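Each chain is listed here by its residues.
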Amino acid sequence: MNSQTKKRPATKHTAAGRRLIASAKEAIAWASGEDVPGVRVTYVQVDRPAQIDVRAIRQKLGLSQTKFAARFGFTPATVRNWEQGRTQPDGPARVLLAVIAHHPDAVEDALRKAS
């Protein structure tokens with residue numbers, strides 16, 4: 001028998017390895033639309049937070065896009081994009097805009113003290 005035709009020795013799988021292989025096969029079957037007994041599927045509804053109306057916040061304060069951006073540390077292009085619906089504020093910007101909507105003086109005070 002030459003070296004190229006030698007059979008590889010059978011691999012022994014651990015119990016954990018066998019469970020992982022079985023789980024992967026079940027996942028593939030389920031994803032292919034097969035009915036897989038014992039598989040529990042949980043659906044979760046995630047509510048998206050309401051969009052923030054940046055234009056309404058800015059207009060309530062009587063500021064132009066440029067002045068609003070300068071006062072609260074945004075770029076004018078970002079404010080324009082939010083107002084025109086090209087992008088939506090997320091993460092920290094959402095939080096900051098929510099505070100600006102209700103307590104703009106507090107934000108301005110904090111920004112003044114931070115500079």
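Whatever comes next refers back to the structure up there.
Residues numbered from 1 in each chain as written. Predicted model: local features only at pLDDT ≥ 70, side-chain atom pairs only at ≥ 80, totals over all residues. Heavy atoms only, no water.

> Provide a residue-level description of helix 3 (residues 65–72), including the pertinent values.
Along helix 3, the residues that are buried comprise Gln65, Phe68, Ala69 and Phe72. Looking down the long axis of helix 3, one finds its buried residues gathered within 95° of arc, a one-sided arrangement. Of the exposed residues in helix 3, those oriented more than 90 degrees away from the buried face are Thr66, Lys67 and Ala70. (Buried < 20%, exposed > 50% of the residue type's maximum accessible area, 1.4 Å probe, protein only. Helix = DSSP H or I, 4+ residues; strand = E, 2+ residues; numbered from the N terminus. Arc of directions from axis to C-beta.)

> Give me the lowdown on a nonpolar patch on the surface, citing residues and values where you can.
Side chains of Trp30, Val39, Val41 and Tyr43 sit close together on the surface and give an oily, nonpolar patch of about 430 Å² of accessible area. Locating Val41 in the fold gives a position in the loop between helix 1 (15–31) and helix 2 (54–60). Residue class for Val41 comes out partly exposed when judged on its relative accessible area of 34%. (Patch = residues over 30% accessible without salt bridge, like charges linked within 9 Å, V, L, I, M, F, W, Y side chains within 5 Å. Areas by Shrake-Rupley, 256 points an atom, 1.4 Å probe, with all protein chains shown as cover. Salt bridge = Lys/Arg side-chain N within 4 Å of Asp/Glu carboxyl O.)

> Describe the packing of aromatic side chains, and please don't skip the residues or the numbers.
With the rule as written, the count across this model stands at three aromatic pairs. Judged by centre distance (5.0 Å) and plane angle (75°), the rings of Phe74 and Trp82 are edge-to-face. By relative accessible area, which is 10% here, Trp82 ends up buried. By the ring-pair criterion, three or more aromatic residues cluster together here, those being Phe68, Phe72, Phe74 and Trp82. (Phe/Tyr/Trp six-rings, centres within 6.5 Å; stacked < 30°, edge-to-face > 60°.)

> Pulling in residues and values, what's your account of the pattern of salt bridges?
Summed over the entire model, instances satisfying the criterion amount to five salt bridges. Note that Asp109 is salt-bridged to Arg112, the shortest N-O span being 3.9 Å. Residue Asp109 and its partner Arg112 are both found in helix 6 (residues 104–114); the two are separated by three residues, about one turn of the helix. On the basis of relative accessibility, which here comes to 29%, the residue Asp109 falls in the partly exposed class.

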